[in-house]
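Analysis of the macromolecular model
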Amino acid sequence: MTVHFIGAGPGDPELLTLKAQRLIGSCPVCLYAGSLVPAEVVAGAPEGARVIDTAPLALDEIIDEIEAAHARGEDVARVHSGDPSLYGAIAEQVRRLRALGIPYDITPGVPAYCAAAAGMGQELTVPEVAQSVILTRTSMKSTGMPEGEDLATLGASRATLAIHLSVRNLLEIERQLSPIYGPDCPVIVAYRVGWPDEMYIRGTLSDIRNKVRAEKLTRTALVFVGRVFEDHDFPDSALYDPEIPHVLRPRPKR
């Protein structure tokens, strides 16, 4: 018996990996976070499978279901949105499973920030503009941020920021980042990426809050900040420059 933590991607069932589809289709027990994972993603569970939306359940109740499946010798598909390694809340589940001696493995999924970049038709690392992407969140009612991980500290790099779980904290994002990036810095709020009602709201640090408020968005959104979202006359990457040889493309003989 194995508990398979499965990244379901941001919402589009077609973004499931082949391995994720196979595991969901073979496990007699499927536990999925229904508030973030569409029912279509787990529609491929075997006929007669025990399929449970864990959104209303506490951690102890989820572990009880897993323990019961373990006692029956039944594999469990534990389906999370995006990729389990990012804000997936699997660490505490894994800790419990280790203590109970229950085997598990992890299947990665498409992270929301990658799917959002694709939806925007946007590269997040542009030559001489930004070559780093920082994935972070802000502190609200949920778990606090460790020391040194505040937006002002991270933003000092001027990297592209992908700020999770923070669409209700846009005032603080503006306050901390405007002195660094400038109030005219582009901001894109990606709402429900991969779902039928997917939406991208474009603005700047100075006006994005009002634009988001007008759309009445309060959850399930990802906030991008960075100069990469401007139109730039940036240089081509050195990757395909004929004057810069590499092992697979030696400099031509003259």
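For the protein chain, an unreviewed UniProt entry supplies the name Precorrin-4/cobalt-precorrin-4 C11-methyltransferase and the organism Aliiruegeria lutimaris. Here is the UniProt Pathway (unreviewed entry) comment for the protein chain, exactly as written: "Cofactor biosynthesis; adenosylcobalamin biosynthesis."

Scanning the protein chain from N- to C-terminus turns up seven helices and ten strands. If one aligns the C-alpha atoms of the protein chain with their principal axes, the spans along those axes are about 65 × 55 × 35 Å. Counting only residues that meet the buried cut, the protein chain has 42% of its 254 residues in that class. Long-range pairs, those at least 24 residues apart, make up 67% of the contacts in the protein chain between residues at least 6 apart in sequence. Carbon together with sulfur atoms contributes 52% to the accessible area of the protein chain, which is approximately 13700 Å² in total. Of the side chains in the protein chain, 25 bear a positive and 33 a negative charge, and the two mean positions are spaced by 2 Å.

Time to look at unusual backbone geometry. Excluding glycine, residues mostly have negative phi values, and the peptide bonds linking residues are mostly trans. Of note in this structure, Arg158 is not a glycine but carries a positive phi near 60 degrees. Among the secondary structure elements, Arg158 is positioned in the loop between helix 5 (151-155) and strand 7 (160-164).

To continue, consider the layout of surface pockets. If you add up the space inside the largest pocket, you get close to 1400 Å³. Put simply, the parts of the chain that give the lining of the largest pocket at least two residues each are helix 2 (59-72), strand 4 (76-80), helix 3 (91-100), helix 4 (112-120) and strand 10 (221-225). Considering each element in turn, the lining of the largest pocket owes the most residues, three residues, to helix 3. Taken together, the residues of the lining of the largest pocket break down into 25 nonpolar, 14 polar and eight charged. The two domains that each donate at least three residues to the lining of the largest pocket are domain 1 (3-107) and domain 2 (112-225).

Moving on: the domain arrangement of the protein chain. The domain boundaries assigned to the protein chain delineate domain 1 (3-107) and domain 2 (112-225). Domain 1 and domain 2 are separated by 28 Å when their C-alpha centres are compared. Contacts between the two partners involve ten residues from domain 1 and, on the opposite side, 13 residues from domain 2. Between domain 1 and domain 2 lies a buried interface of about 850 Å² when both sides are counted; carbon and sulfur atoms form 70% of it. Considering only the side of domain 1, the residues that lose the most area to domain 2 are Pro10, Leu86 and Tyr87, jointly responsible for 60% of the buried surface there. Between the two partners, domain 1 and domain 2, sit zero salt bridges. The interface formed by domain 1 and domain 2 includes three residue pairs in polar contact (both at pLDDT 80 or more). Of the residues in the side of domain 1 that touches domain 2, the class split is seven nonpolar, two polar and one charged.

As for its placement among the helices and strands, Ala159 is situated in the loop between helix 5 and strand 7. Spatially, the C-alpha atom of Ala159 lies 6.7 Å from that of Gly226, the residues being 67 residues apart in sequence. Here Ala159 is in contact with Ser132, Ile134, Tyr181 and Val225, once residues within four sequence places are set aside.

Enumeration according to the criterion identifies eight salt bridges in this entry. Residue Arg50 is joined to Glu65 by a salt bridge in which the shortest nitrogen-to-oxygen separation is 2.8 Å. One end of the pair, Arg50, is in strand 3 (residues 50-53); the other, Glu65, is in helix 2, with 15 residues separating them in the sequence. With relative accessibility at 42%, the residue Arg50 sits in the partly exposed group. You can call Glu65 buried: its relative accessible area is 18%. Note that Lys211 and Asp207 form a salt bridge whose closest N and O atoms lie 3.9 Å from each other. Its relative accessible area of 27% is what places Asp207 among the partly exposed residues.

Cut-offs applied
- Residues numbered from 1 in each chain as written.
- Predicted model: local features only at pLDDT ≥ 70, side-chain atom pairs only at ≥ 80, totals over all residues.
- Heavy atoms only, no water.
- UniProt positions renumbered as here; feature names shortened; annotations may be inferred.
- Helix = DSSP H or I, 4+ residues; strand = E, 2+ residues; numbered from the N terminus.
- Buried < 20%, exposed > 50% of the residue type's maximum accessible area, 1.4 Å probe, protein only.
- Contact = heavy atoms within 4.5 Å.
- Areas by Shrake-Rupley, 256 points an atom, 1.4 Å probe, with all protein chains shown as cover.
- Lys, Arg positive; Asp, Glu negative; His and termini not counted.
- Charge placed at Lys NZ, Arg CZ, Asp CG, Glu CD.
- 1 Å grid on protein atoms, 1.4 Å probe; cavity = no way out; pocket = protein on both sides within 12 Å on 5 of 7 lines; lining within 4 Å.
- Points joined across faces, edges and corners; volume = space filled by probe spheres on them.
- Nonpolar A, V, L, I, M, F, W, Y, C, P; charged D, E, K, R; others polar.
- Domains from an automatic or database assignment.
- Buried area = accessible area lost by both parts, 1.4 Å probe.
- Salt bridge = Lys/Arg side-chain N within 4 Å of Asp/Glu carboxyl O.
- Polar contact = N/O pair within 3.5 Å; in protein donor to acceptor, adjacent residues only side chain to side chain.

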